[in-house]
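# A structural walkthrough
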Amino acid sequence: MSDNIQTVTVLSKTTWTPNLFSFTVSRPDSFKFTAGQFVRLGVNPSRLKYYTEQSGMSDADISDEALDEDIFRAYSIISSPFDEVLEFFSIVIPDGAFTSQLQHLQVGDELLLNTLPFGFLTLARYQKPLPKDLWLLATGTGLAPFLSMLQDLKTWEDYEHIVLAYSARSIEELAYVEKIEGLQEDFGSLVENPAKLIFIPIVTREPVDGALSERLPKLLLDGTLQARAGIDLDIDTTHVMLCGNPDMVDDTKEALKSLGLVMNRRGEGNIAVENYW
C-alpha cells in the first residue's frame, strides 16, 4: 500500500434520501487540506460489516456479492480544514462500483484515504478581481466544497457578500439546510465585519415556499437570481464558483460568460469550476 494511503474509521452516517447520504470518518493527525479541495477515498466492499456480519454467509457468498479489491473515487470534503473529523456527501449510483457499495457503510467500517489533497476550487486561486462578492452555485453533492469554505473564518473576513445558491430536485434532497442557516452565527460572528451570507434554495421538481424553481442558467440569464440576492454580477467585483452535475456546470458557465464574466486563469478572472466526475 502506498505511503499516502491511510486507514480511516467511519464515525457516523446520515441518510437524507434513499439515494443521498453523508458520513464522517476519523482524520489522520498529519492530514492537511485547503477548503474546497477533494480527496480520493477507497473502499474494499468485502470488508464492510454489511457483508461480513451477515449470519450464514460463507466467505464464498461474500466474495460473490462484494468485490475483494480497493476501489477509489474522488470526494470533496465538507469539513472545515480545522475540524477533527472529515465529512463527505455522497449520491448512490445504482450500478456504480463505488457508491453502490458505499451506501452500505456502517459506523466502525474502515475506508482508505489518500492523504494527498487535489483540486484548485479554492479561494486562493483568485488574484484579480480582489475579493468582494462571492457566488457559490451548487447542485446536489456539489454543495460539499462550499460548506468547507463557509466553515473557514478567512472566507467571512475576505468578502462583503456571499451568495450560496443550492439547487436540488426535491425538498428532501436539499440537504444541510439547517447547517447552512446557522453558518452566519456559527462562523460569521467570530470575525469583525463579516460577510453577509445570502442563501437561495432552489427546488426544480416540486413547488416549495421560499425556493426558486428554475435551473441555475435560466435564473441567471433572466436576472431572477441576482434580484433575489440583491447583488449584480460585475466583472470587477465578482467571484463565482460552480460545482455539481456536469450539465449544470457547463450550462451555467456559458450563461455567466454571456453575461460578461470570464473564466479564471492564472489567478485572474471571475469563474472557477471543478470537474472530477
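Presented here is an overview of the structure given in this document. Quantities reported herein were computed from a predicted structural model and do not represent experimental measurements.

Thresholds, definitions, all that
- Residues numbered from 1 in each chain as written.
- Predicted model: local features only at pLDDT ≥ 70, side-chain atom pairs only at ≥ 80, totals over all residues.
- Heavy atoms only, no water.
- Pairing = 2+ DSSP bridges.
- Helix = DSSP H or I, 4+ residues; strand = E, 2+ residues; numbered from the N terminus.
- Axes fitted to C-alpha atoms, helices over the stretch in contact; angles between N-to-C directions.
- Core = buried A, V, L, I, M, F, W, Y, C linked by side-chain atoms within 4.5 Å.
- Buried < 20%, exposed > 50% of the residue type's maximum accessible area, 1.4 Å probe, protein only.
- Contact = heavy atoms within 4.5 Å.
- Salt bridge = Lys/Arg side-chain N within 4 Å of Asp/Glu carboxyl O.
- Polar contact = N/O pair within 3.5 Å; in protein donor to acceptor, adjacent residues only side chain to side chain.

### Thoughts on the sheet that holds strand β2 (residues 20-26)
Judged by pairing direction, the sheet is antiparallel, and its 6 strands sit side by side in the order β4-β3-β6-β1-β2-β5 without closing on themselves. Taken across any chain shown, the strands that pair with only one partner, and hence form the sheet edges, are β4 (71-76) and β5 (85-91). Strand after strand, the sheet turns through a mean of 40° between neighbouring axes, direction not considered. Pairing between β2 and β5: 7 bridges, direction antiparallel. Residue pairing across strands places Ser 22 opposite Phe 89, the latter belonging to β5.

### Some words on the sheet that holds strand β11 (residues 271-273)
The strand order β9-β8-β7-β10-β11 describes an open sheet built from 5 strands, whose pairing is parallel. Lying at the two open borders of the sheet, with one neighbouring strand each, are β9 (196-203) and β11. Between one strand axis and the next, the sheet turns by 15° as a mean value, whatever way the strands run. Here strand β7 (residues 133-139) pairs with strand β8 (residues 161-168) via 7 bridges, running parallel.

### As for the nonpolar core
By size, the foremost hydrophobic cluster in this structure holds 36 residues, and its most contacted members are Leu 136, Phe 146, Trp 156, Ile 162 and Met 241. At the level of elements, β7, α4 (144-149), β8, β9 and β10 (238-243) are the ones that each hand at least two residues to this core. Once residues within four sequence positions are removed from consideration, Ile 162 is found in contact with Leu 134, Leu 136, Leu 150, Thr 155, Trp 156, Ala 195, Lys 196, Leu 197 and Ile 198. Residues Val 163, Ile 200, Met 248 and Ile 271 belong to the second largest nonpolar core, which totals 24 residues.

### Considering the pattern of salt bridges
Scanning the entire structure with this criterion turns up 5 salt bridges. In this structure, the salt-bridge partner of Asp 158 is Lys 154, at a minimum N-O distance of 2.5 Å. Placement of the pair is Asp 158 and Lys 154 together in helix α5 (residues 153-158), with a separation of 4 residues, close to one helical turn. By relative accessible area, which is 30% here, Asp 158 ends up partly exposed. Lys 257 is the salt-bridge partner of Glu 254, the closest N and O atoms lying 3.4 Å from each other. On the criterion of helical spacing, the pair formed by Glu 254 and Lys 257 is a turn pair, its members being 3 residues apart in helix α10 (residues 246-258). For Glu 254, a relative accessible area of 42% corresponds to the partly exposed category.

### A look at the side chain of Ser 79
When you line up the elements, Ser 79 lands in the loop between β4 and β5. Given a relative accessible area of 1%, Ser 79 falls into the buried group. For Ser 79, the side chain forms a polar contact with the main-chain oxygen of Val 85, separated by 3.2 Å. When near neighbours in sequence (up to four residues on either side) are disregarded, Ser 79 contacts Phe 33, Val 85, Leu 86, Glu 87, Ser 148 and Gln 151.

### Comments concerning the environment of Ser 30
Counting through the fold element by element, Ser 30 comes out in the loop between β2 and β3 (38-43). In this structure, the C-alpha to C-alpha distance between Ser 30 and Ile 93, residues 63 residues apart in sequence, is 32 Å.

### Some points on the pairing of strand β1 (residues 5-17)
Where β1 meets strand β6 (residues 110-118), 5 bridges bridge the pair, whose relative direction is antiparallel. The partner of Thr 9 across the bridge, within β6, is Glu 110. The pairing of β1 with β2 spans 6 bridges and is antiparallel. Paired with Thr 14 across the two strands is Ser 22, which belongs to β2. Connecting the antiparallel pair β1 and β2 is a turn made up of 2 residues.

Read these as layout, nothing more, since geometry by itself doesn't imply function.
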